[in-house]
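Chain and residue survey
The lines below spell out each chain.
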2 protein chains.
Amino acid sequence: MAATVSPLAPARFPDMPAVAGVRLATAAAGIRYAGRTDVLLALLDPGTSVAGVLTRSKCPSAPVDWCRARLKAGKARALVVNSGNANAFTGRNGREATKLTADIAAKAIGCKPGDIFLASTGVIGEPLKAAAFDGVMDGLVAGALPGRWQDAARAIMTTDTFPKGATATARLGKAEVTICGIAKGAGMIAPDMATMLSFVFTDAPIAPAILQSLLARGVTDTFNAVTIDGDTSTSDTLLAFATGAAAARGAQRIARASDPRLAPFRAAFERVLADLAEQVARDGEGARKLVEITVEGATSKTSARRIAMSIANSPLVKTAIAGEDANWGRVVMAVGKAGEPADRDRLSIWFNGIRVAHRGLRDPAYDEAKVSAAMKQPVIALKVALGLGRSRDRVLTCDLTKEYVAINGDYRS
Amino acid sequence: MAATVSPLAPARFPDMPAVAGVRLATAAAGIRYAGRTDVLLALLDPGTSVAGVLTRSKCPSAPVDWCRARLKAGKARALVVNSGNANAFTGRNGREATKLTADIAAKAIGCKPGDIFLASTGVIGEPLKAAAFDGVMDGLVAGALPGRWQDAARAIMTTDTFPKGATATARLGKAEVTICGIAKGAGMIAPDMATMLSFVFTDAPIAPAILQSLLARGVTDTFNAVTIDGDTSTSDTLLAFATGAAAARGAQRIARASDPRLAPFRAAFERVLADLAEQVARDGEGARKLVEITVEGATSKTSARRIAMSIANSPLVKTAIAGEDANWGRVVMAVGKAGEPADRDRLSIWFNGIRVAHRGLRDPAYDEAKVSAAMKQPVIALKVALGLGRSRDRVLTCDLTKEYVAINGDYRS
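The sections below set out a description of the structure shown in this document. Every value quoted in this text rests on a predicted model; they were computed, and no experiment measured them.

Comments concerning the interface of chain A and chain B
Opposite the 64 residues of chain A that make contact, chain B presents 64 residues. Across the chain A/chain B interface, buried area totals approximately 5,200 Å², and carbon plus sulfur atoms make up 58% of it. At the surface where chain A touches chain B, the tally comes to six salt bridges. Among the ionic pairs, B:R362 bridges to A:E126, the shortest N-O distance being 2.7 Å. One can count ten residue pairs in polar contact (both at pLDDT 80 or more) joining chain A with chain B. Counting residues per element, the ones that place at least two in the side of chain A that touches chain B are α1 (62-71), α2 (91-109), α8 (315-322), α9 (328-337), β12 (361-362) and α11 (402-409) of chain A. Here the element with the most residues in the side of chain A that touches chain B is α9(A); it accounts for eight residues. By residue class, the composition of the side of chain A that touches chain B is 26 nonpolar, 20 polar and 18 charged.

Below is the structure:
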């Protein structure tokens, strides 16, 4: 873990209420490092629905394979997450480790192994010694308590510099329901392939198929619109759990995803996803600037997304922002290489509201001193107007600093 | 320009003979920096054929547009290259600057402006003051001499740390013909979009259409198989000039690209392209390691290329190599994110001949000390065997160091 907290971190971890039907516990199982919590158990009441979005990597981790198979049934009794070892590229040992972890948890809880969801994050290619969970699982189950979100968020961190949590409430029928989520991010994060590790819990009574559609829609402009380095983990996992406990207080069971009564819940759910995704960008490895890239005037949203991602993943754009240099020439380069419709002579570019290029030329009012001052801000809003159509999109990233290289140049050692 | 020469630089600039029909001159026109040569003139005898491969950027520079239009005629009398300013994203001023440069050169030489080829490299978005060429052009024409390759290579450098040249000879009919090329690279370099700036000259009598087909085929496994940072310049330009002067000594004029008598020339031509492309990788910004990535056992060459490029452009792989860490887990990640057919449990990975992963698992004979020693070498051969098919491909890249961030964090200032 990095020694210093990202300068872009929120002032503090949010106040997050308990979610009825969810109890949390953490332990130090010594998976990789001694003396830090590295296991999270989330105990879920019987009847909890589960949905998930998993990495599109062609070489997924063993826990990703495990979750993909278990999602079909749509029901969960517990989530077990470990940090320190990703259990990826571990072959038969990896599959056996997931099975053993689920068996240990199921035995301690008194449920079926198939009701256990798993996630692992950390080093790839090292065998995971799942027997280590045996020594801590009974204690985790016995000690699980509602509302321990910050401990939970801390237990799943790897190179993250701060724990990430977000919460929201929404009316659903006669009751107010609660949504709480945690996430871990830092490096190896890119879009269009699901996400990093994130777990969202609610007491709303939502059937698995509806929860799945909420999640699939929700990631598009949140987790899938964040990139740190264009690299996609073998382990990206976003799971949502709905215990249904609020039904007892009058929360409505919704049968169709299109039911308008679901709208407030959907909005609150997406706010939580967006908040967590932004925190992941704010904790990009070595990040000193949060960069919000907006592309407008595109011929389609897909085209705007591709251009925004081309800018967000350009090492030359990211290093320029690290250097507080409004190098819009590199933005032109990144627009040009995206392969999407673009007309050099219609392009306009803004940094933090200051137009630096207008219709293919340096802005006539360009004032280097004014732009330089704007580039010293911790949040940089980079806007590109293509002048071709009416579609827009927005993605988040961070700058590329020497600290990124330092963190990743000796992560394993 | 960087103060220190890349540790991967060749020991010295090669001995390069004159090419009959080509004379070279350089000057300091003060385009951006005072006191360094920043203009190259290559004077070409009447009847010289020209072919070119240009950036696929949707926002190309004005000189790229100029060359694309002039290539149709296939004839050239001169090449004018400047460093310091890319004349990209400069609107009408940019188009006028190319026209003015060509006019100035054509007047001094006594030819048509359409016979002048242009390339510019340096900062994007700053107006190029082409009038500066007026003061140096007559002197360049008067002083042009055969064989001044090293001066020429030096004049087109930007953040390059050493001048790049390569040469070869081949038999063509009754005569030996000569091929000499120069290049500049460093950053903003990615494949599948033509190349950085490179100019190749020969005295062979090759018609424009045949020269074009030689060039288009030649770049595939040379310049298009090199990536520094995945960023593609608005200015990438590779031009080949064939003066035909060797015809007087008995070199054969070839009418078809498929003529077997062209084979020795084609091989020599591709050797020059490959040599220049490797030098570009050896001078990647901040590079301390040359990385050769070979992917074999793929279902097609295209698939192998995509996987190799996914590895080559992964910041996590590149920073690991900078840290001399054989982090094959990140190689698995990069294979997985490429979106191409891959089977985790068939993957094997080698670093400098040492197998570190075998069929989806850490190699049973894995010896950390031995692998660590191998990672200290300046050249890293990273091989991935997919175990799916019979196709292979190879690309070159370099590591990602703190120096890359430093160079690009304040390039403009």
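What follows continues from the structure just given.
Structural notes on the environment of A:P264
Residue and element names in this part refer to chain A. Within the element layout of this structure, P264 appears in helix α6 (residues 263-282). For the pair P264 and L172, spaced 92 residues apart in sequence, the C-alpha to C-alpha distance is 7.4 Å. Setting aside residues up to four positions removed in sequence, P264 forms contacts with A170 and R171.

Regarding the packing of aromatic side chains
According to the stated counting rule, one finds ten aromatic pairs over all chains in the structure shown. Here A:F201 and A:F241 contribute two aromatic rings whose centre-to-centre distance is 5.2 Å and whose plane-to-plane angle is 15°, an arrangement assigned as stacked. Of this pair, A:F201 sits in strand β7 (residues 197-202) while A:F241 sits in strand β8 (residues 237-242), and the two are 40 residues apart along the sequence. With relative accessibility at 0%, the residue A:F241 sits in the buried group. Taking the centre distance of 5.4 Å and the plane angle of 45° together, the rings of B:W149 and B:F201 count as tilted. Pair noted here: B:W149 is in helix α4 (residues 149-155) and B:F201 is in strand β7 (residues 197-202), with a separation of 52 residues, a long-range link. Overall, the relative accessible area of 2% leaves B:W149 in the buried class. Through a chain of ring-to-ring contacts, the aromatic side chains of A:F117, A:W149, A:F201 and A:F241 assemble into a single cluster. Looking at A:R70, its charged tip hangs above the ring of A:W66, at a distance of 3.8 Å from the centre. For the cation-ring pair, A:K383 lies above A:W350, with the distance from its terminal atom to the ring centre recorded as 4.3 Å.

Focus on the sheet that holds strand β14 (residues 391-398) of chain A
Residue and element names in this part refer to chain A. Read from one edge of the open sheet, six strands run β12-β11-β10-β13-β9-β14, paired in mixed fashion. Strand pairing shows two members of the sheet lacking a second neighbour, β12 and β14, which therefore form its edges. Pairing between strand β10 (residues 348-351) and strand β13 (residues 379-385): four bridges, direction antiparallel. Across the sheet, residue F351 finds its bridge partner in β13, namely L382.

Things to note about α11(A)
Residues of α11(A) that are buried include every one of A:Y404, A:V405, A:N408 and A:G409, and no others. Buried residues along α11(A) cover an arc of 120° about the axis, so they all sit on one side.

Overview of the packing of helix α8 (residues 315-322) of chain B against helix α9 (residues 328-337) of chain B
All names here are of chain B. Taken N-terminus to C-terminus, the directions of α8 and α9 make an angle of 160°; their axes are 9 Å apart at the nearest point. In terms of orientation, α8 and α9 fall into the roughly antiparallel class. Seen along the crossing, α8 lies across α9 with a hand that is left-handed. For the pair α8 and α9, the contacting residues are L316, V317, T319 and A320 in the first and R330, V331, M333 and A334 in the second.

Regarding the sheet that holds strand β10 (residues 348-351) of chain B
Two strands in a sheet stick together by hydrogen bonds in their backbones, pointing the same way (parallel) or opposite ways (antiparallel). Residues and elements named next belong to chain B. Spatially, β12-β11-β10-β13-β9-β14 is the arrangement adopted by the six strands of the open sheet, whose pairing is mixed. The open sheet has two edge strands, β12 (361-362) and β14 (391-398), and neither has a second partner. By the bridge criterion, seven bridges tie strand β9 (residues 290-298) to strand β13 (residues 379-385) in an arrangement that is parallel. Each bridged residue has a counterpart across the sheet, and for V295 the counterpart in β13 is V384. Each of β10, β11 (354-358) and β13 is contacted by helix α10 (residues 368-375), which is oriented at about 120° to β11, the strand it contacts most.

Overview of α1(A)
Considered for burial, the residues of α1(A) that qualify are A:A62, A:P63, A:V64, A:W66, A:C67 and A:L71. Of the surrounding elements, those touching the buried residues of α1(A) are β2 (39-54), α2, β4 (116-123) and β8 of chain A.

Focus: the pairing of β7(A)
Where a strand is regular, its side chains alternate between the two sheet faces. All names here are of chain A. Taken across its six residues, β7 has six buried, putting it largely inside the fold. Here β7 shows two buried faces, one formed by L197, F199 and F201 and the other by S198, V200 and T202. Of the pairings in the sheet, the one linking β7 to β8 comprises six bridges and is parallel in character. Across the sheet, F199 pairs through a bridge with L239, a residue of β8.

About the thresholds
- Residues numbered from 1 in each chain as written.
- Chains lettered and ligands numbered in written order.
- Predicted model: local features only at pLDDT ≥ 70, side-chain atom pairs only at ≥ 80, totals over all residues.
- Heavy atoms only, no water.
- Contact = heavy atoms within 4.5 Å.
- Buried area = accessible area lost by both parts, 1.4 Å probe.
- Salt bridge = Lys/Arg side-chain N within 4 Å of Asp/Glu carboxyl O.
- Polar contact = N/O pair within 3.5 Å; in protein donor to acceptor, adjacent residues only side chain to side chain.
- Helix = DSSP H or I, 4+ residues; strand = E, 2+ residues; numbered from the N terminus.
- Nonpolar A, V, L, I, M, F, W, Y, C, P; charged D, E, K, R; others polar.
- Phe/Tyr/Trp six-rings, centres within 6.5 Å; stacked < 30°, edge-to-face > 60°.
- Buried < 20%, exposed > 50% of the residue type's maximum accessible area, 1.4 Å probe, protein only.
- Lys NZ or Arg CZ within 6 Å of the ring centre and 35° of its normal.
- Pairing = 2+ DSSP bridges.
- Arc of directions from axis to C-beta.
- Axes fitted to C-alpha atoms, helices over the stretch in contact; angles between N-to-C directions.
- Parallel < 35°, antiparallel > 145°, perpendicular 65-115°, else oblique.
- Left-handed = near helix turned anticlockwise from the far one by under 90°.

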